[in-house]
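# Commentary on secondary and tertiary structure
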Amino acid sequence: MSAPLLEVQHLRKTYRTHGSTVTAVAGVDLTLPEGGSVGIVGESGSGKSTTARMLVGLEAPDAGRVLVHGQEQVAQPRGRRERLARARALQIVFQDPYLSLDPRVPVGAAVDQAVRLHTRLTRSERRSRVLELLTQVGLGEREAALLPRRLSGGQRQRVAIARALAVEPDVLVLDEAVSALDVSVQAQVLNLLADIREQTGVGLVFISHDLAVVRYLCAETLVMRAGEVVERGATDRLLREPEHPYTRLLLSAVPRPGRRSEVDGGTALSGRGVPAPGR
Amino acid sequence: MSGPLLEMSDVWLRLPEVARRPVLAGVDLQVGAGEIVGLVGESGSGKSVTARAALGLLPPTAEVEGRVTVDGVDVLSAPAADVRRLRAESVAMVFQDPRAGINPMRRIGDHLTESARLTGRRRDLDAARARALELLDAVGLPDPRRHLRQYPHELSGGMLQRVMIAGALMGSPRLLLCDEPTTALDVTTQAEIVALLGRLQRERGMGMLFITHDLDLAASVCDRIHVMYAGRVVEQAPALGLFEQPRHPYTAGLLASTPAIDGGGTRLRAIPGVPLSLLEDPSGCVFAARCDRVLDEVCRVLAPPVVADGVRSVRCARPLEARTPRHALRTECVS
Amino acid sequence: MSALGAVVRPGRLSLPRSLRSDAVLLAAGVVLVAFVAACLFAPWLAPYDPDATDLGNVLAPSSPEHWLGTDQVGRDTLSRLLYGARTSLVGPLLVVVTSTVLGVLVGMVAGWRGGWLDATLSRVLDIAFAFPALLLAILAVSLFGKGLAAPVMAMSIAYTPFVARQVRGLVRSARSRPYVSAYAVQGFGPVDVALRRVLPNIAPVVLAQATVLFGYALLDLAALSFLGLGVQPPTSDWGAMINESRGAVLLGQPLTAVVPSVAVIVTVVAFNLLGEELGDRIARRDA
Ligand SMILES: Nc1ncnc2c1ncn2[C@@H]1O[C@H](COP(=O)(O)OP(=O)(O)OP(=O)(O)O)[C@@H](O)[C@H]1O
Ligand SMILES: Nc1ncnc2c1ncn2[C@@H]1O[C@H](COP(=O)(O)OP(=O)(O)OP(=O)(O)O)[C@@H](O)[C@H]1O
Ligand SMILES: [Mg+2]
Ligand SMILES: [Mg+2]
């Protein structure tokens, strides 16, 4: 049997900040089959972003390995060749489309930079490749010439996706990539991601605090809390028959029309372990 | 007083320096005592501006028309002292980000007793402190006495939002304006805060304007919902009715594009296009460019009529039929 | 960029916002154009040789032949003012260019690398910060002799911490931005990202600060010349001109002293206004 697309083994990360230590990620495992998609959900501070940053090499794990097609990914790539190989394994789209694009670079050029770094296409070949990528995310030549600040939030997030796809990664990590968008635009981007997965076969690791959103993209879902995976399984099963009490709490907290939430004030508060830091 | 606590009728607001279209265009809105009214819409639709107008807090360059009365006082034309008294006694507001609304260098107790401090009378201060303790307890914080001495950074976001709610209740307001009070919080914390707000509202018989961009949340909290798009209230209906049978294509579109945790389907029916910017001022219906029911010769020319039946109203030339089961909207048939 | 709010200024005048109306800015622009024109075209604009003395016509008041009068040895004040602009430009320009290049270098390394290197460099900068530029310049003069070279070198070093601190702050805040992380994830090398992606983003802010620094450098160098430590006679220089005309003031002929003083003040204020406005515009654009 060939190696899975993505295999994550016992990923761990502890932060030390003046005296106290925070175990942000306490041993995450996950496997993604070819063309698969996995969701990671959990409350604020549960370690979702830290996991994502370790996946793409922005943060060095204290322990654990990341393998793509069976190839171990170096934690901190050195030299051009290693960096490019690392980039082609995993790419990321961040939450805030306002901050994740260089404010000085027109969006077409932003995509072109990535294409130029990773291919040896001629100028005209690059031009058509950039246009093809932008078209794929529903943008055109008109937008290509604009600076990020001239685009709407949804358009910027599309650019960020196009830029990540320009590298032709095996796996695309999306860290709350639709959370900052309006619902109508969020739906467009979710559909777009589903289409892209179908067309390119790229694997998706989709991080969100919103269980409902994950359902639309991910066959499998991990529920994280305080750095640990408390439950995992097929998304439909997880939503229908949650096993872990925390998953159940998350589900019961989702607002539903015509039904005032039963989670009561005082008890739930004292029952919660970690108060979300920084929120 | 028997009239509604908050009544806005045909409120127009223009910002000539930044906006080509009106920021608010003929907003009608009522909140009665003991009622929770939702205000839903995407970013930039004018929800916060509407709430601020109810407090008489408007950008200095704004041009306003229409009537806004709170507890019978006309906020837009009353003397400044009356409006200030209104803000101190009858209305209060809770904001999205609790950390933005509190001075990080001051203790929770000082924040809560601020207005009593201004009068400078010992008796007022003692009364205020007693009330703060009582309210911190009422909002479900575990140790009111200790919290009074704490600084904002020592509390989590959810706990701080409880403090802000307690602060809003200090003056025993009859009307509470909540501007996305849970958007910055986790779902579980959101559920707690929403339950808390609902309980306080029932106990105190307050009127409440609840602003959110989350239709599911609004439908679970509110009695009635107003849906805003580009500064207009495009539909207004009882929460469940709106949810089961949306009549404005925008409401239907919003519902269809909101991911649902239950229900089938693998694809969302997104509304095409993007929300109207402040620089666009189309003639006819503001939603026409994104609408799947648009009739070019009507919608792009004439401002849509308001169709009302006493309980609900919709501002559309071609509203959806009264019976469209919701599941048919939410998911496309995958063939 | 929010770090702009924390721009360090060499502890002197920072003009109130009300002074920065469009009309005032226009005036500042006109002053700077005039200043640069004087530097470039002094030989053509000046009616007399700036060094030509005329002992028969000393301390003349304003007249059709000598618009701004003459000094204590009968040199035409207007001509000396125009030529003096050149010296007044060259010194500060050298100071600003050198300290900006050095400051950007140190600031980028400290801000980008972080860790012990940052800690060490920051400590060194803190110490360097404690020395007033003027004092350092006077020290340099006493070591290496009078003239333009020693003070310019000393002040370049004294101004470097201002730039370095600012750049370090800007780089550190840029570094934690998702767009910089995105470059790293795409496979761009750290040096590439720092120099070709981050530097252009902070350059406008650095430029604005350099404009303000230019004004301060001009003031400091004029002060040195006034003290007789900077540019040496007979080279025309505004600071030196004020110094030389001290006697004239006592004789009741203040014009020769007033003219260069006004020139210094107006130019410094103009640079300040322009620099701060530039910074504000950038901050507003990035907000
Ligand atoms: N650079 C850091 N230094 C110190 N602690 C950190 C750092 N980054 C993250 N943490 C801590 O690690 C924990 C996990 O953070 P992480 O950002 O991964 O959470 P998250 O699940 O992404 O939360 P959110 O939903 O708020 O984005 C938090 O307690 C956080 O405070
Ligand atoms: N003081 C102001 N100056 C200029 N424009 C303003 C001002 N206040 C609001 N606006 C504009 O008016 C429009 C409506 O703003 P408002 O804050 O009411 O939107 P909202 O529906 O609350 O959106 P969000 O969900 O993002 O909070 C926006 O386009 C906003 O940019
Ligand atoms: Mg995160
Ligand atoms: Mg708002």
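Residues numbered from 1 in each chain as written. Chains lettered and ligands numbered in written order. Predicted model: local features only at pLDDT ≥ 70, side-chain atom pairs only at ≥ 80, totals over all residues. Heavy atoms only, no water.

What follows concerns the site of ligand 1. Residue and element names in this part refer to chain A. Near ligand 1 lie 15 residues; those nearest to it are S44, G45, K48, S49 and T50. The backbone of K48 places a nitrogen or oxygen atom 2.8 Å from an oxygen atom of ligand 1. Calculation on ligand 1 without its partners gives an accessible area of 640 Å², and the protein chains cover 69% of this total. Put simply, the parts of the chain that give the shell around ligand 1 at least two residues each are β1 (6-17), β2 (20-32) and α1 (48-55). It is α1 that provides the largest number of residues to the shell around ligand 1, a total of three residues. Grouping the constituent residues of the shell around ligand 1 by class yields four nonpolar, seven polar and four charged. (Near = heavy atom within 4 Å. Polar contact = N/O pair within 3.5 Å; in protein donor to acceptor, adjacent residues only side chain to side chain. Areas by Shrake-Rupley, 256 points an atom, 1.4 Å probe, with all protein chains shown as cover. Helix = DSSP H or I, 4+ residues; strand = E, 2+ residues; numbered from the N terminus. Nonpolar A, V, L, I, M, F, W, Y, C, P; charged D, E, K, R; others polar.)

A separate point is the UniProt feature "transmembrane region" (unreviewed entry) in chain C. In this numbering, the UniProt entry assigns the feature "transmembrane region" (unreviewed entry) to residues 23-46, 89-112, 124-142, 205-231 and 251-275 of chain C. The distance separating the terminal C-alpha atoms of residues 89-112 of chain C is 33 Å; by composition the span is 100% helix and 0% strand. (UniProt positions renumbered as here; feature names shortened; annotations may be inferred.)

Further remarks concern the site of ligand 2. Residues and elements named next belong to chain B. Around ligand 2 lies a shell of 14 residues, among which S43, G44, K47, S48 and V49 are the nearest. Within the side chain of S48, an N or O atom sits 2.7 Å from an oxygen atom of ligand 2. Between an oxygen atom of ligand 2 and a side-chain N or O atom of E180, the distance comes to 3.2 Å. Considered on its own, ligand 2 offers 630 Å² of accessible surface; in the complex 64% of this is hidden by protein. A breakdown of the residues in the shell around ligand 2 according to their chemical character gives six nonpolar, five polar and three charged.

Overall, the coordinates contain 36 salt bridges over all chains when judged by the stated rule. One salt bridge in this structure joins E43 of chain A and R225 of chain A, with 3.8 Å as the shortest N-O distance. With E43 of chain A in the loop between β3 (37-42) and α1 and R225 of chain A in strand β9 (residues 220-225), this pair connects stretches of sequence that are 182 residues apart. For R225 of chain A, a relative accessible area of 24% translates into the label partly exposed. For the salt bridge of R312 of chain B with E235 of chain B, the shortest nitrogen-to-oxygen distance reads 2.7 Å. Of the two residues, R312 of chain B is situated in the loop between β11 (306-308) and β12 (313-315) and E235 of chain B in strand β10 (residues 232-238); the sequence distance between them amounts to 77 residues. The same class applies to R312 of chain B and to E235 of chain B, which are both buried. A single network of salt bridges, built from pairs that share partners, joins D51, D71, R75, R80 and E244 of chain C. (Salt bridge = Lys/Arg side-chain N within 4 Å of Asp/Glu carboxyl O. Buried < 20%, exposed > 50% of the residue type's maximum accessible area, 1.4 Å probe, protein only.)

Further remarks concern the interface of chain C and chain A. Contact with chain C, which involves 18 residues of that partner, is made by 24 residues of chain A. Summed over both partners, the interface of chain C with chain A comes to about 1700 Å²; 57% of that surface belongs to carbon and sulfur atoms. One can count zero salt bridges joining chain C with chain A. Counting across the chain C and chain A interface gives seven residue pairs in polar contact (both at pLDDT 80 or more). Contributing elements (two or more residues each) for the side of chain C that touches chain A: α6 (178-186) and α7 (190-226) of chain C. When residues in the side of chain C that touches chain A are grouped by element, the largest group, eight residues, is from α6 of chain C. (Contact = heavy atoms within 4.5 Å. Buried area = accessible area lost by both parts, 1.4 Å probe.)

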